[in-house]
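One-letter residues, chain by chain:
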Number of protein chains: 2
Amino acid sequence: MVPGAVDVPSGLPAAVDTPEPGDPRLARLSLNQATVKRWSLTQAVDGCLRAGLPAIGLWREPVAETGLAKAADLVRRSGLRVSSYCRGGFLTGGDRAAALEDNRRAVDEAAELGAPCLVMVVGGMPDGDRDLAGVRERMVEALAELVPYAVERGVRLALEPLHPVFCADRAVLSTLGQALDVAERFDAEAAGVVVDAYHVWWDPQVWIQIERAGAGGRIASFQACDWVVPLPADNLLGRGMVGDGHADVRGLRRAVDAAGYDGDIEVEIFNRQVWDADGDDVIATLVRRHVQHVL
Amino acid sequence: MVPGAVDVPSGLPAAVDTPEPGDPRLARLSLNQATVKRWSLTQAVDGCLRAGLPAIGLWREPVAETGLAKAADLVRRSGLRVSSYCRGGFLTGGDRAAALEDNRRAVDEAAELGAPCLVMVVGGMPDGDRDLAGVRERMVEALAELVPYAVERGVRLALEPLHPVFCADRAVLSTLGQALDVAERFDAEAAGVVVDAYHVWWDPQVWIQIERAGAGGRIASFQACDWVVPLPADNLLGRGMVGDGHADVRGLRRAVDAAGYDGDIEVEIFNRQVWDADGDDVIATLVRRHVQHVL
């Protein structure tokens, strides 16, 4: 069991039944590898199988550690769906050619792994830059160069709006509405959006933008994660287990479902406490939270 | 001179002329007291007069330390304009009656000090709450109770959207568009909005919302401050001197001006390095930055 504050939020019943493998409540639950950062790909795949999770979200770094061909074979033989591949992007720096080359490699990997989409964290602002509109425009230009390559390989680019706290340093794509404005410049098969509860929960426009995303067939991924306060010193690691914070993850899940999304619900949590816990316990906790707070 | 990173951004000329008192470039520059947190009200007033600043933004705590009547007299005799009074709000907790009573006192103080507006930081989400829409609705209800009292006393409520990083713990008002949606429920004389560069710079909608705010006569205050990375451990203290970060403060100033705003440009910086520096040096720095990066 994950220790301390991560596991037992106050006010919740201590005992919740944990669905066993085969339980229909697990049918859409995917483990994003970043949630069990210390596990190798083999360990993460085995963990999903033990718990009965049908899908996994993969990351480039652990895939590279395993080796791409071996990773693709491992995942294929496991029978797990690949819900997403993380991640491409970082297109806003000075060397666009190098960034695009790296993104083409990520597309190739996603194709070999059978991932339906490559999650794109588009990049922040270069040092000293104050022209946000200009950076955003260049980001779109770079995407436009990448799209045909991804389409040819059957990999959809999933544009992820990040919480505005990351606008300067990680992603100038800050709201779901803005992500849709960009995605809609391309075919729906070429570009979708990620709806990550952690990044969008605060947005007064999120409900109407989810409707818009669904109507256009643009929801490529739904990710579950919670906003906890106070934030830790490193903002990047401030994400909580669903149920520990203020994000209405169930409301967002209902909204994407109502908008026609029937894909995986991927749990992605960057949190040192979670990383330090036993992986099987982390999965058991997120399975319970899925039942309590997402379904 | 403020030491270290606060003072000299790379790439800028080291020597910039510092406007003297009487210089027309200072005509709209206001010192928000929070920028010189260690100074008493008397010291802050004297600092403004020495540097030739024509206006000051006041805070409740230092006013209370001086005593309201004495503070009002001090400011009146100084000839400084009061650009704003900080702050009311925090209306979303469990005890609305107490919050409203405290806000009525803040309105009374603003009136006695001759402040044109009371800046409202509306409050975050109660512990364990996930119903953001509900919290926002209750916030509007509480505002509606406060408005008539403020109108009677000639004090305008200036609704301040805070950066979404503060949505859970400080202000469920997260974008300028949302703040206008709320303000427009009341007369323009009763409710305006604050455009604070630090809070709105990232918003893809900010330009169109500034136009809307200006067209409706809703811009009650413009505040200058920069977004620097990396954020410090305490997010609240991560604000930079204008010119040190990624916010296009000049672009925002031009936009509010084009929208018809001709009020004060208030510099409000929560930053420990700035607080630790000599107050006169802080003012000299912000005066230079005003010329370099805002006008």
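Above this note sits the structure.
Residues numbered from 1 in each chain as written. Chains lettered and ligands numbered in written order. Predicted model: local features only at pLDDT ≥ 70, side-chain atom pairs only at ≥ 80, totals over all residues. Heavy atoms only, no water.

Caption draft 1: Focus on the overall build of chain A. Of the regular secondary structure elements, chain A holds eleven helices and ten strands. Against the 2.2 N^0.38 benchmark of 19 Å for 295 residues, chain A shows a C-alpha radius of gyration of 18 Å, consistent with a compact globule. In terms of overall dimensions, chain A has a C-alpha envelope of 50 × 40 × 35 Å along the principal axes. For chain A, the residues scored as buried account for 62% of the 295 residues in total. (Helix = DSSP H or I, 4+ residues; strand = E, 2+ residues; numbered from the N terminus. Rg over C-alpha atoms; globule rule 2.2 N^0.38 Å. Buried < 20%, exposed > 50% of the residue type's maximum accessible area, 1.4 Å probe, protein only.)

Caption draft 2: A look at the relation of the copies chain B and chain A. Superposing chain B onto chain A requires a rotation of 180 degrees together with a translation of 0.0 Å along the rotation axis, leaving an RMSD of 0.0 Å. In short, the pair behaves as if placed about a two-fold rotation axis. By C-alpha distance to the rotation axis, the residue of chain B lying nearest is A233 of chain B, at 2.0 Å. In this assembly, 100% of the residues forming the interface of chain B have copies in chain A that are likewise at the interface, indicating an isologous arrangement. (Least-squares fit on C-alpha atoms with pLDDT ≥ 70 in both. Contact = heavy atoms within 4.5 Å.)

Caption draft 3: Highlighting the interface of chain B and chain A. Every contact between the two is made by 32 residues of chain B and, on the other side, 32 residues of chain A. Carbon and sulfur atoms make up 61% of the area that chain B and chain A hide from each other, which totals about 2400 Å². Counting the surface chain B buries against chain A, the share from its top three residues, R130, W202 and H246 of chain B, is 28%. At the boundary of chain B and chain A, one finds zero salt bridges. Summed over the shared surface of chain B and chain A, the number is eight residue pairs in polar contact (both at pLDDT 80 or more). Class assignment of the residues belonging to the side of chain B that touches chain A gives a composition of 15 nonpolar, ten polar and seven charged. (Buried area = accessible area lost by both parts, 1.4 Å probe. Salt bridge = Lys/Arg side-chain N within 4 Å of Asp/Glu carboxyl O. Polar contact = N/O pair within 3.5 Å; in protein donor to acceptor, adjacent residues only side chain to side chain. Nonpolar A, V, L, I, M, F, W, Y, C, P; charged D, E, K, R; others polar.)

Caption draft 4: Structural view of the pairing of strand β2 (residues 55-59) of chain A. All names here are of chain A. Burial within β2 is extensive, with five of its five residues counted as buried. Here β2 shows no split at all, with A55, G57 and W59 on one side and I56 and L58 on the other all buried. After leaving strand β1 (residues 29-32), the chain enters helix α1 (residues 41-51) and then returns to the sheet as β2, a path that is right-handed. Pairing geometry for β2 and strand β3 (residues 81-89), over five bridges, is parallel. Across the sheet, I56 pairs through a bridge with V82, a residue of β3. (Right-handed = clockwise from strand over helix to strand, strands pointing away. Pairing = 2+ DSSP bridges.)

Caption draft 5: Main features of the pairing of strand β5 (residues 156-159) of chain A. Residues and elements named next belong to chain A. Residue alternation in β5 divides its side chains into two sets, R156 and A158 and L157 and L159, and both sets are buried. Both β5 and strand β6 (residues 191-196) contribute to a ladder of three bridges, which runs parallel. Along β6, the bridge assignment pairs L157 with A191. As for the winding sense of the linkage, the β-α-β connection from β5 through helix α6 (residues 176-183) to β6 is right-handed.

Caption draft 6: Structural view of the nonpolar core. In terms of nonpolar packing, the biggest core is built from 196 residues, with W201 and I210 of chain A together with W201 and I210 of chain B touching the most fellow members. Leave out the neighbours within four places in its chain, and W201 of chain A touches W227, H246, A247 and L252 of chain A together with M125, L132, C167 and A168 of chain B. (Core = buried A, V, L, I, M, F, W, Y, C linked by side-chain atoms within 4.5 Å.)

Caption draft 7: Summary view of the sheet that holds β2 of chain A. Residues and elements named next belong to chain A. Pairing is parallel around the closed barrel formed by eight strands, whose spatial order is β1-β2-β3-β4-β5-β6-β7-β10. Going from strand to strand, the sheet's axes swing by 30 degrees on average, the running direction of each strand aside. By the bridge criterion, four bridges tie β6 to strand β7 (residues 219-224) in an arrangement that is parallel. Following the sheet pairing, V193 is matched in β7 by I219. Against the sheet, helix α4 (residues 96-113) touches β2, β3, β4 (117-121) and β5, its axis set at about 175 degrees to β3. (Axes fitted to C-alpha atoms, helices over the stretch in contact; angles between N-to-C directions.)

Caption draft 8: Seen up close, α4 of chain A. Residues and elements named next belong to chain A. Taking 1.5 Å per residue as the helical rise, α4 with its 18 residues ought to reach 26 Å, and the 25 Å between its terminal C-alpha atoms agrees with that figure. Every buried residue of α4 is listed here: A99, L100, N103, A106, V107, E109, A110 and L113. Among the residues trailing α4, G114 stands out with phi positive, at a value near 75 degrees. (Expected span 1.5 Å × (residues − 1).)

Caption draft 9: Structural detail: the packing of aromatic side chains. Taken as a whole and assessed by the stated rule, the structure comprises nine aromatic pairs over all chains. Seen from the ring of W275 of chain A, K37 of chain A lies directly overhead, with NZ or CZ sitting 4.9 Å from the centre. (Phe/Tyr/Trp six-rings, centres within 6.5 Å; stacked < 30°, edge-to-face > 60°. Lys NZ or Arg CZ within 6 Å of the ring centre and 35° of its normal.)

Caption draft 10: Representation of the packing of helix α3 (residues 68-78) of chain A against α4 of chain A in the model. All names here are of chain A. At their nearest, the axes of α3 and α4 sit 9 Å apart, and the two run at 35 degrees to each other. Contacts between α3 and α4 pair L68, A69, A71, A72 and R76 from the former with E109, E112 and L113 from the latter. A class-by-class count of the residues in the contact of α3 with α4 yields five nonpolar, no polar and three charged.

Caption draft 11: Main features of the environment of Q43 of chain B. Looking at the secondary structure, you find Q43 of chain B in helix α1 (residues 41-51). When the C-alpha positions of Q43 of chain B and D280 of chain B are compared, they lie 9.8 Å apart, and in sequence the two are 237 residues distant.

Caption draft 12: Region of interest: the pattern of salt bridges. Residues and elements named next belong to chain B. Within the structure shown, the criterion is met by 46 salt bridges over all chains. The partner of R60 in a salt bridge is D102, and the shortest N-O contact between them spans 3.2 Å. With R60 in helix α2 (residues 60-66) and D102 in helix α4 (residues 96-113), this residue pair connects regions lying 42 residues apart in the sequence. Salt-bridge contacts for D129 lead to R138; the nearest nitrogen and oxygen are separated by 3.5 Å. Look at D129 and you get buried, because its relative accessible area is 16%. Taking relative accessible area as the criterion, R138 reaches 34% and is therefore assigned partly exposed.

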